[in-house]
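Residue-level structural notes
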Amino acid sequence: MATAELKKGDVKDMGLADAGKRKIEWALQQMPVLQSIRKRFIKEQPLKGLRISACLHVTSETANLMMTLRDGGADAVLCASNPLSTQDEVAASLNRDFNIPTYAIKGEDNETYYAHLSAALEHKPQMTMDDGADLVTTLLTKRTDLVPNVIAGTEETTTGVIRLRAMAKDGALKFPIVAVNDAQTKHFFDNRYGTGQSTIDGVIRATNILLAGQKVVIAGYGWCGRGVAMRAKGLGSDVIVTEIDPVKGIEAVMDGFRVLPMAEAAKEGDIFITVTGNKNVIRAEHFEAMKSGAVVCNSGHFNVEIDLPALERLSTGKREVRPLVDEFLLKDGRKVYLIAEGRLVNLATAEGHPAAVMDMSFANQALSAEYLRQHAKDMKPQVYVVPEHLDKEIARLKLESMGHKLDKLTAEQERYLASWQEGT
Ligand SMILES: NC(=O)c1ccc[n+]([C@@H]2O[C@H](COP(=O)([O-])OP(=O)(O)OC[C@H]3O[C@@H](n4cnc5c(N)ncnc54)[C@H](O)[C@@H]3O)[C@@H](O)[C@H]2O)c1
């Protein structure tokens, strides 16, 4: 697709915009922290004139982030950070109702996905906002002419932060990045409760499987894996965890789960969910061991956790049995079901994280953009954490919005905690 054609956004169908607008408004009601930031941004205009290219999952929550940036004075455009995570109605409404050029179509092929990234880069960003680091990678490898414009960027997810830290180590990163993912008010909640709930939601919406009594194998017991395991257990599943890190392994055991290598778990599992951020976690030898009827899906960032070429090689045929559920017929007659082509199941077959949790993640994005506007000139091309005072402020605002109140340290307690003499 020629970039000129994409100037004002590229969406599936503008006719969907009314439904998108309602969805965006619904999400906003559950995002009080972002709303309060937006009110202040309207008055103070901290992002005035700043060109931002954002590459994020195009959902109703993201739409509210984009409006916060726009209302803070930014000139922002948006493209999809995954070919299957776009809500087409939201993309249409962002273009039509909110004047935010959006380049995203659910189910777009690889070529269109990268054409959309290029269109977002044509905006000549001064700041990038990434989810998985595809935008920054494209910028630093294919559009080096644009790099001098960029003062800084932010990154939303674990996999992107890992990629960007590797770039910084190699000297390939050319501007500072704030790792939004690493804020406590992001990964403690978004990765755990957001991915936990929405991944199970995605599996259920895709398959309508009863989780009670099923053996659910979860690969990776990091922030996301813990959340998915907790919710599967809550629905009555017998959860098996696979891990490579002994500390995470013992944590899973003490949380009440069995820990097995995938080679053994493969024989037992009914449903498999990968959330490792690693590649080929489920591969040929595991498919060979699975029971007929096994359901396999991924909630990690990229579609590399399940070895899809191996599954194709082992199969004699494939058909779509429900929307985004493919049945693979193996040579010995067994059937394996794959959800959403191995892409993020929670965004492909459900709606991604609920707005109440994205409220904190996107508050981090908005405040990090403001912080970078003020401080980027004094920062190096490295990956930085969100300043602690912003993280704490987001938690405070969220608690307050939910009607909870904290205690305050007394003067005596402050003295006690600050002094090494007062042991007894
Ligand atoms: N679905 C979503 O909406 C969503 C949201 C947030 C993060 N993510 C993505 O999910 C992935 C995990 O994120 P996280 O924050 O939980 O990361 P994390 O680092 O906290 O956890 C990953 C875990 O996987 C384990 N692991 C690595 N290789 C493994 C292997 N071969 N077998 C078993 N375990 C293995 C690691 O030891 C670690 O404990 C990342 O790709 C991240 O970008 C997705």
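Throughout what follows, the structure given in this document is the object of discussion. Quick caveat: nothing in here was measured; it's all calculated off a predicted structure. (Residues numbered from 1 in each chain as written. Predicted model: local features only at pLDDT ≥ 70, side-chain atom pairs only at ≥ 80, totals over all residues. Heavy atoms only, no water.)

1. Some words on the overall build of the protein
- Counting its secondary structure elements, the protein contains 17 helices and 15 strands.
- Here the protein has a C-alpha radius of gyration of 22 Å; the compact-globule value for 424 residues is 22 Å, and the two agree.
- Projecting the C-alpha coordinates of the protein onto the three principal axes gives extents of approximately 70 × 65 × 45 Å.
- Burial statistics for the protein: of 424 residues in total, 55% are counted as buried.
- As displayed, the protein offers around 18800 Å² of accessible surface, 53% of which is attributable to carbon and sulfur atoms.
- Measuring between centres, the 52 positive side-chain charges of the protein sit 1 Å from its 56 negative side-chain charges. (Helix = DSSP H or I, 4+ residues; strand = E, 2+ residues; numbered from the N terminus. Rg over C-alpha atoms; globule rule 2.2 N^0.38 Å. Buried < 20%, exposed > 50% of the residue type's maximum accessible area, 1.4 Å probe, protein only. Areas by Shrake-Rupley, 256 points an atom, 1.4 Å probe, with all protein chains shown as cover. Lys, Arg positive; Asp, Glu negative; His and termini not counted. Charge placed at Lys NZ, Arg CZ, Asp CG, Glu CD.)

2. What to know about the nonpolar core
- Counting 53 residues, the largest nonpolar core has Leu47, Ile52, Val58, Met66, Leu69 and Leu94 as its most contacted members.
- Tallying contributions element by element places helix α15 (residues 355–375) first for this core, with ten residues.
- Discounting residues that sit within four places of it in the chain, Val58 has contacts with Leu78, Cys79, Ala80, Ser85, Thr86, Gln87, Val90, Ala91, Leu94, Thr102 and Ala104.
- Ala229, Ala252, Val275 and Val325 belong to the second-largest nonpolar core, a separate cluster that totals 28 residues. (Core = buried A, V, L, I, M, F, W, Y, C linked by side-chain atoms within 4.5 Å. Contact = heavy atoms within 4.5 Å.)

3. Details of the layout of surface pockets
- One number sums up the size of the largest pocket: a volume of about 1000 Å³.
- The wall of the largest pocket is formed by 48 residues, among which Cys224, Val275, Thr276, Gly277 and Gly300 lie closest to the centre.
- When contributions to the lining of the largest pocket are tallied by element, the ones reaching two or more residues are α3 (60–71), α7 (158–170), α8 (184–207), α9 (223–234), α14 (345–348) and α15.
- No other element matches the four residues that α8 contributes to the lining of the largest pocket.
- Of the residues in the lining of the largest pocket, the class split is 14 nonpolar, 23 polar and eleven charged. (1 Å grid on protein atoms, 1.4 Å probe; cavity = no way out; pocket = protein on both sides within 12 Å on 5 of 7 lines; lining within 4 Å. Points joined across faces, edges and corners; volume = space filled by probe spheres on them. Nonpolar A, V, L, I, M, F, W, Y, C, P; charged D, E, K, R; others polar.)

4. Some remarks on the pattern of salt bridges
- The final tally for this structure, using the stated rule, is 29 salt bridges.
- Of the charged contacts in the structure, one is a salt bridge between Glu89 and Lys23, with a shortest N-O distance of 3.0 Å. You can see Glu89 sitting in helix α4 (residues 88–97) and its partner Lys23 sitting in helix α1 (residues 17–29), a full 66 residues away along the chain. Each of the two residues, Glu89 as well as Lys23, counts as buried.
- When the shortest N-O distance is used, the salt bridge between Lys318 and Glu312 registers 3.4 Å.
- One salt-bridge network, in which partners are shared between bridges, spans Lys23, Glu89, Asp201, Arg205 and Glu351. (Salt bridge = Lys/Arg side-chain N within 4 Å of Asp/Glu carboxyl O.)

5. Let's talk about the packing of aromatic side chains
- Tallied over the entire structure, the rule returns five aromatic pairs.
- Seen from their ring centres, Tyr113 and Tyr114 are 5.0 Å apart, and the 80° between their planes marks the pair as edge-to-face.
- Owing to a relative accessible area of 3%, Tyr113 belongs among the buried residues under this scheme.
- Residue classification places Tyr114 among the partly exposed residues on the basis of a relative accessible area of 34%.
- Considering the side-chain rings of Tyr221 and Phe257, the 6.0 Å spacing of their centres and the 70° angle between planes classify their relative orientation as edge-to-face. You can see Tyr221 sitting in the loop between β7 (215–219) and α9 and its partner Phe257 sitting in the loop between α10 (246–254) and β9 (258–259), a full 36 residues away along the chain.
- A relative accessible area of 8% places Phe257 in the buried class.
- Of the aromatic side chains, those joined through ring pairs into one cluster are Phe188, Phe189, Tyr193 and Trp223.
- One residue, Lys233, lies across the ring of Phe257, its end atom 5.2 Å from the ring centre. (Phe/Tyr/Trp six-rings, centres within 6.5 Å; stacked < 30°, edge-to-face > 60°. Lys NZ or Arg CZ within 6 Å of the ring centre and 35° of its normal.)

6. Some remarks on the side chain of Thr59
- Turning to its location among the elements, Thr59 is positioned in the loop between β1 (51–56) and α3.
- Thr59 sits in the buried class, given a relative accessible area of 5%.
- Here Glu61 takes part through its side chain, which lies 3.0 Å from a polar atom of the side chain of Thr59.
- Once you skip the residues sitting within four places of it in the chain, Thr59 turns out to touch Ser85, Gln87, Val90, Leu347 and Glu351. (Polar contact = N/O pair within 3.5 Å; in protein donor to acceptor, adjacent residues only side chain to side chain.)

7. Here we look at the sheet that holds strand β4 (residues 127–130)
- As summarised here, the arrangement of the seven strands in space is β3-β2-β1-β4-β5-β6-β15, forming an open sheet in which the pairing is parallel. One side of each edge strand has no neighbouring strand; the edge strands of this open sheet are β3 (102–103) and β15 (383–385). (Pairing = 2+ DSSP bridges.)

8. A few points about the environment of Asp71
- Assignment of secondary structure puts Asp71 in helix α3.
- Sequence-wise, Asp71 and Ser315 are 244 residues apart; in three dimensions their C-alpha atoms are separated by 52 Å.
- Residues within four places of Asp71 in sequence aside, it is in contact with Arg38, Phe41, Ile42 and Gln45.

9. Thoughts on the environment of Ile151
- Mapping Ile151 onto the fold places it in the loop between α6 (134–142) and β5 (152–155).
- With 26 residues separating them in the primary sequence, Ile151 and Pro125 have C-alpha atoms 8.8 Å apart.
- Discounting chain neighbours no more than four positions away, the residues touching Ile151 are Leu50, Gln126, Met127, Phe175, Pro176, Leu372, Arg373 and Ala376.

10. Here we look at a nonpolar patch on the surface
- Nonpolar side chains collect at one region of the surface, where Val247, Ile250, Val253, Met254 and Val259 lie side by side and expose about 470 Å² of accessible area between them.
- No other element matches the four residues that α10 contributes to the nonpolar patch.
- Here Met254 lies in helix α10. (Patch = residues over 30% accessible without salt bridge, like charges linked within 9 Å, V, L, I, M, F, W, Y side chains within 5 Å.)

11. Considering the site of the ligand
- Neighbouring the ligand are 26 residues; Thr157, Thr158, Thr159, Glu243 and Ser299 lie closest to it.
- At a separation of 3.1 Å, an oxygen atom of the ligand approaches a polar backbone atom of Trp223.
- Residue Ser299 places a main-chain N or O atom 2.8 Å away from a nitrogen atom belonging to the ligand.
- Starting from 860 Å² of accessible surface for the ligand in isolation, the protein chains cover 87%.
- More than half of the atoms belonging to the ligand lie within 2 Å of the grid points that define the largest pocket.
- If you list the elements that add at least two residues to the shell around the ligand, you get α7, α8, α9 and α14. (Near = heavy atom within 4 Å. Sits in = over half its atoms within 2 Å of the grid points.)

Interpretation in functional terms is not warranted from these geometric data alone.
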